[in-house]
Protein chains: 6
Amino acid sequence: MRPSGRNLDEMRDIVIETGVTRHAEGSCLIRCGGTHVLCTATLEERVPPFLKNSGLGWVTAEYGMLPRATHTRMRREAALGKQSGRTLEIQRLIGRSLRAGIDRSALGERQITVDCDVIQADGGTRCASITGGWVALRLAINKLMKAGDVTSDPMLDHIAAVSCGIYAGQPVLDLDYVEDSDAGTDSNFVMTGGGALVEVQASAEGSAFSRAQFDEMYALAERGIATLVAAQKAAVG
Amino acid sequence: MRPSGRNLDEMRDIVIETGVTRHAEGSCLIRCGGTHVLCTATLEERVPPFLKNSGLGWVTAEYGMLPRATHTRMRREAALGKQSGRTLEIQRLIGRSLRAGIDRSALGERQITVDCDVIQADGGTRCASITGGWVALRLAINKLMKAGDVTSDPMLDHIAAVSCGIYAGQPVLDLDYVEDSDAGTDSNFVMTGGGALVEVQASAEGSAFSRAQFDEMYALAERGIATLVAAQKAAVG
Amino acid sequence: MRPSGRNLDEMRDIVIETGVTRHAEGSCLIRCGGTHVLCTATLEERVPPFLKNSGLGWVTAEYGMLPRATHTRMRREAALGKQSGRTLEIQRLIGRSLRAGIDRSALGERQITVDCDVIQADGGTRCASITGGWVALRLAINKLMKAGDVTSDPMLDHIAAVSCGIYAGQPVLDLDYVEDSDAGTDSNFVMTGGGALVEVQASAEGSAFSRAQFDEMYALAERGIATLVAAQKAAVG
Amino acid sequence: MRPSGRNLDEMRDIVIETGVTRHAEGSCLIRCGGTHVLCTATLEERVPPFLKNSGLGWVTAEYGMLPRATHTRMRREAALGKQSGRTLEIQRLIGRSLRAGIDRSALGERQITVDCDVIQADGGTRCASITGGWVALRLAINKLMKAGDVTSDPMLDHIAAVSCGIYAGQPVLDLDYVEDSDAGTDSNFVMTGGGALVEVQASAEGSAFSRAQFDEMYALAERGIATLVAAQKAAVG
Amino acid sequence: MRPSGRNLDEMRDIVIETGVTRHAEGSCLIRCGGTHVLCTATLEERVPPFLKNSGLGWVTAEYGMLPRATHTRMRREAALGKQSGRTLEIQRLIGRSLRAGIDRSALGERQITVDCDVIQADGGTRCASITGGWVALRLAINKLMKAGDVTSDPMLDHIAAVSCGIYAGQPVLDLDYVEDSDAGTDSNFVMTGGGALVEVQASAEGSAFSRAQFDEMYALAERGIATLVAAQKAAVG
Amino acid sequence: MRPSGRNLDEMRDIVIETGVTRHAEGSCLIRCGGTHVLCTATLEERVPPFLKNSGLGWVTAEYGMLPRATHTRMRREAALGKQSGRTLEIQRLIGRSLRAGIDRSALGERQITVDCDVIQADGGTRCASITGGWVALRLAINKLMKAGDVTSDPMLDHIAAVSCGIYAGQPVLDLDYVEDSDAGTDSNFVMTGGGALVEVQASAEGSAFSRAQFDEMYALAERGIATLVAAQKAAVG
């Protein structure tokens, strides 16, 4: 019944390739089916002004799509002269989600910027960015620990994200673009490796949804997150 | 235990004054405690290009804060030359929420723009904007119906929004600014008059939250929405 | 002969309500007939760079209109990404006018920003902003004096503003929107409580005007300013 | 007593050179003492959208300063990405002033854009722009008439502008930069060749000014305008 | 003597992988040593306004770098709100170069946009963009020909580009980042498969260079172009 | 055969008038036939941040065109809110070219900004800007040397620029606008007084060009540069 032939609770294949760019302190290319996102983590020994002398570090994120990551070409945001509301909303979500997995005091006064650039889009780019962004962050912090620059691990737990939706009246896990375009309800769940909630966003695209539908999506998300966390573990060794 | 002395499940006083500006097709000033938002609905006999000849109408929203709506003066977005990510995210949420309560086919090819301008802020401005924006929208559509320009009511149900949070370890309803600044988790629930979900956004500000905490916030939100819908009914007569 | 039925030298009703927002150091809502402007004064213990260590204070102003303050909705300047020439011109005028009533040395090295936001427009918004802006400024400075932060009153005199025009060949006082749209000449007079001139701006919208016409407008303006100054006195008690 | 040694009512030397650029339909370089402005008039057979099918023409103006027209280099507005409030205010004044001298019906549905670019600044650039802009406009319209494209002359009268001020307590005519920087009051008078008023702008830079001072500036301005109109006549032959 | 140990006339390894993104009509990832550029060609059945009804097609290019393509993170142009002068200069060069290899009449009234996004930078990104951009363009046009939408091949010849420089006093081929940073002279040669010149840009970074040095760089470039054209042939089969 | 009747190797008349604006440390108006550029050099006792405490000076350039410098009026870049890619590319070229003639260590930690503003355009504006910009720079540095602020002359040699092209199949020197619009190939050569190369930019506008054609343009350019350097020498005495 799903256009891809997947079961209702079946994720797309996940492939996380690390070390894909030579300059970044941490990097990976995450492929969730046809959605491919390049994630890099940049470490800088400075913090934003509001954290000067606070002893706390900062993790932030930026998100972009290559113009032809999509079915039809989108105009380049740099050429338009501004980032869209959608872009800003997504990168704020990625940043908040990753910060929820960090002990900023253990990180110390340094900043890590996670860039998530979508090379190819097929639905779920924000979730792939969070899941892959966590891997890039983990690798950058590993480097920091290996160098002895931090003494205790600032990472509290895994952070991963997955989308669910009500498609053709049925709750489904990990929507691809075709499903996402038609779904009556679209939700994103960001969770820790331990299963706690970090962010929940559910939105009625067409008609309002019931508590029961929400709960079914929630249950699917828990399964999806477990799969993603396993893939993260495999990737970072 | 709440700074305001309210009970955990106690809303702030809600006052909705309608017809507050002479030009708009619908308007109200909503006061949720110290949060005051002026909402106007503008009706235009045109639709955005992507809806030309679709037979469908459009409802959209814009959000702004007066520079001194807040404790310290914020820079004017018009002077800065761009709307912040926060502003864009909020106005996208208001627009989506209000559209969920509209039968766009019954509305016909016309656009209603709901402007929500925060005169004074004390937490929960996006929720007050949705709740008050619905009132302005209702009044504009009443005008359209009275003029015979639409034959069946395009409004499907009430739409209202309320925030909840985990404050000092306790789930609380309708956060004010002091609580919001300190809350470990912050959530916004947008629901219909019938109790269906339109949008759920829950975010761990400090540490991740459990399913049980989410459920408690959900229960509080249901009560708050009922109060808000009653206030809307009183306002629009 | 005036659309409103007013006499040639008759002002609209003026209502100045103070203390309308809890955060600002001074605030008022001024209503000149159908023109309603919310004025807030923000006090900051800093000055612009060019005044550092000069011993002088600064008073500046910003002006905005809510999108539906007018008959048809205007696009939001924050969304357009810039303030219009008209907006910039008006806020420069408000700032210059209010500074003319201030002893900047007595104020000391601090800045007061007066925000004038038009809630509803019916002609004469810049004049109402100056008149109401002065009230907000007075209240903020009262607070400063009460706290003992300034020892002698930095306010030299009242500052108020009124428009005049040649409408249907006749000089009239305090133009409303309908008159303003048709007036052959439009002028704004900013004066002190003592009757001295601070700013005069007269502009031929259609055809040039004579010295005699200018003098008649001037005489009307003197009367209007006296009324406005009385209203200011009543407001600030 | 004036830094330049001029009498209180003495203008600076005025030189208007026409035909200074080969492409523009009308052009001149106006030198008012050390203030040099290049004025060009561009004729286009189109009008702004709001005048389509109105039978009326349009005259508009743009103003700029070369970065090193001034004592110290100013940042280039094109590089800054926006025109300053001062620039916008000046070009609006030039446009309004020149339109006051035009019968837009006789001009027919065409637009003339007058560009005023300050090559060297020594006070009074907006007045020189209006006076020189009128010459460029006259020459462009002459061309239109010679070609038979308009049948009756759309120009109603000369338009010229001069500044006055209260300098060292004395009313003076045609302020240069040194005087302008110190003047307690600064005013600009735009008049027709027949002596009618088009625009008056007077502004207290330091302290408020009296009606008597205003009248003295007015009398000086009348003299100055006569001199400028004579120079315009000589220039356009 | 070269930091990489290459001979003076030795290119870096070139790998061109085609079909790397599912949506674009043509795409490749070109790797010239450590410089990796993703090139996509987007075909649209429309032309810019200046070509409407001309019978001619258009080829244009856009260029971007991912923020962490470089040693230290560069600020994202979309976030800065504008493309740098360097970016604009490079994308204009790519567009001009690719157009030189196209018979725009044979292409017909359609537009192809070539996006070149640098994933990893190690010198020579503009040359890699041109060489890879040509491959993406070739593949998109192949698709057009296969569909029968164009009858004769609009591509006139191969277009490829290579950099040369004077490094440590010696002319060298295909500069990497370390060489580029130190080179006294930097040049880019764009040529056709037949060896004709399309663009030459040579620039003295430190001191001026002689005709003899220019000729040596030219000779090196001819060799490099031959290698690149061979790689293009292999890639497009 | 050239539209202007010039010989293939004939330059347009060059007139360089110095000291044309009273404020700039160095200035000239250069006229190359119908192309007129006003060049000013501004000296500031500061350097960009990246040169602080380096002991090195900086020379940079900005370029602009008055809106009606061209046949039809171009939109003002300050009003558009950004400089075009063409403008940025040209001012980068002028800056690089002039820096190639400067010993930045001898200049010391100060910055000279050369502004090149095109008053009238008839082809070759970037070349005229470089040639005239050098004169303005020379005059500013003369002033610095006369004041004893630098002890040895920081100028290494003359820098001048000329365009060549293939017009109607023939290599020609110093293209005017009519030729430039039609030329198959367009090139700009920037050279020192001693004949060394500083910048070469050659571009196939229509079809690719041969090495032989490039060499012919080069030979023409050498002659043109000699003429320009002689004109510079005459101008700076």
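Remember, predicted model here, so these are calculated numbers, not experimental data. (Residues numbered from 1 in each chain as written. Chains lettered and ligands numbered in written order. Predicted model: local features only at pLDDT ≥ 70, side-chain atom pairs only at ≥ 80, totals over all residues. Heavy atoms only, no water.)

I tried to follow the side chain of D:R68 on my own but got confused; where do I start?
Checked against the element boundaries, D:R68 lands in the loop between β4 (58–65) and α1 (77–80). Here F:E25 takes part through its side chain, which lies 2.6 Å from a polar atom of the side chain of D:R68. A distance of 3.0 Å separates the side chain of D:R68 from the side chain of F:T42, its partner in a polar contact. (Helix = DSSP H or I, 4+ residues; strand = E, 2+ residues; numbered from the N terminus. Polar contact = N/O pair within 3.5 Å; in protein donor to acceptor, adjacent residues only side chain to side chain.)

Just to check I follow, could you spell out the pairing of strand β4 (residues 58–65) of chain A for this structure?
Residue and element names in this part refer to chain A. With seven of eight residues buried, β4 lies mostly within the body of the structure. Pairing geometry for β4 and strand β5 (residues 111–120), over eight bridges, is parallel. Paired with M65 across the bridge in β5 is V118. (Buried < 20%, exposed > 50% of the residue type's maximum accessible area, 1.4 Å probe, protein only. Pairing = 2+ DSSP bridges.)

How should the sheet that holds strand β2 (residues 26–32) of chain C be read in this particular structure?
The strands that make up a sheet pair up through hydrogen bonds in the backbone, lying either parallel or antiparallel. All names here are of chain C. One open sheet holds the five strands; their spatial order is β1-β2-β3-β5-β4, and the pairing between them is mixed. Each edge of the sheet is formed by a strand with only one pairing partner; in this case those strands are β1 (14–18) and β4 (58–65). Averaged over all adjacent pairs, the angle separating strand axes in this sheet is 20 degrees, with direction ignored. As judged from the five bridges shared by β1 and β2, these two strands associate in the antiparallel manner. When the bridges of β2 are listed, V15 appears paired with R31. Lying on the sheet, helix α2 (residues 85–99) is in contact with β4 and β5 (111–120); it crosses β4 at an angle near 145 degrees. (Axes fitted to C-alpha atoms, helices over the stretch in contact; angles between N-to-C directions. Contact = heavy atoms within 4.5 Å.)

Mind showing me how you'd approach the sheet that holds strand β3 (residues 35–44) of chain A here?
Residue and element names in this part refer to chain A. The sheet built from five strands is open, its strands ordered β1-β2-β3-β5-β4 with mixed pairing. Every interior strand has two partners, whereas the edge strands, β1 (14–18) and β4, have only one. Averaged over all neighbouring strand pairs, the angle between strand axes comes to 20 degrees, with direction disregarded. In the sheet, strand β2 (residues 26–32) pairs with β3 via seven bridges, with the strands oriented antiparallel.

What should I look at first to understand the interface of chain C and chain B in this one?
Size of an interface, as often reported, equals the accessible area lost when the parts are brought together. Every contact between the two is made by 37 residues of chain C and, on the other side, 36 residues of chain B. Interface area for chain C against chain B, summed over the two sides, is near 2800 Å², with a carbon-plus-sulfur share of 47%. The tally of links from chain C across to chain B stands at 14 salt bridges. With its nearest N and O atoms 2.6 Å apart, the salt bridge here joins C:R68 to B:E25. Counting every contact that joins chain C to chain B gives 24 residue pairs in polar contact (both at pLDDT 80 or more). Elements with a contribution of two residues or more to the side of chain C that touches chain B: β3 (35–44), β4, α1 (77–80) and β5 of chain C. Take the side of chain C that touches chain B: its biggest share by element is six residues, from β5(C). Looking at the side of chain C that touches chain B residue by residue, the classes come out as 14 nonpolar, 12 polar and 11 charged. (Buried area = accessible area lost by both parts, 1.4 Å probe. Salt bridge = Lys/Arg side-chain N within 4 Å of Asp/Glu carboxyl O. Nonpolar A, V, L, I, M, F, W, Y, C, P; charged D, E, K, R; others polar.)

The quantities given are spatial measurements derived from coordinates; they are silent on function.
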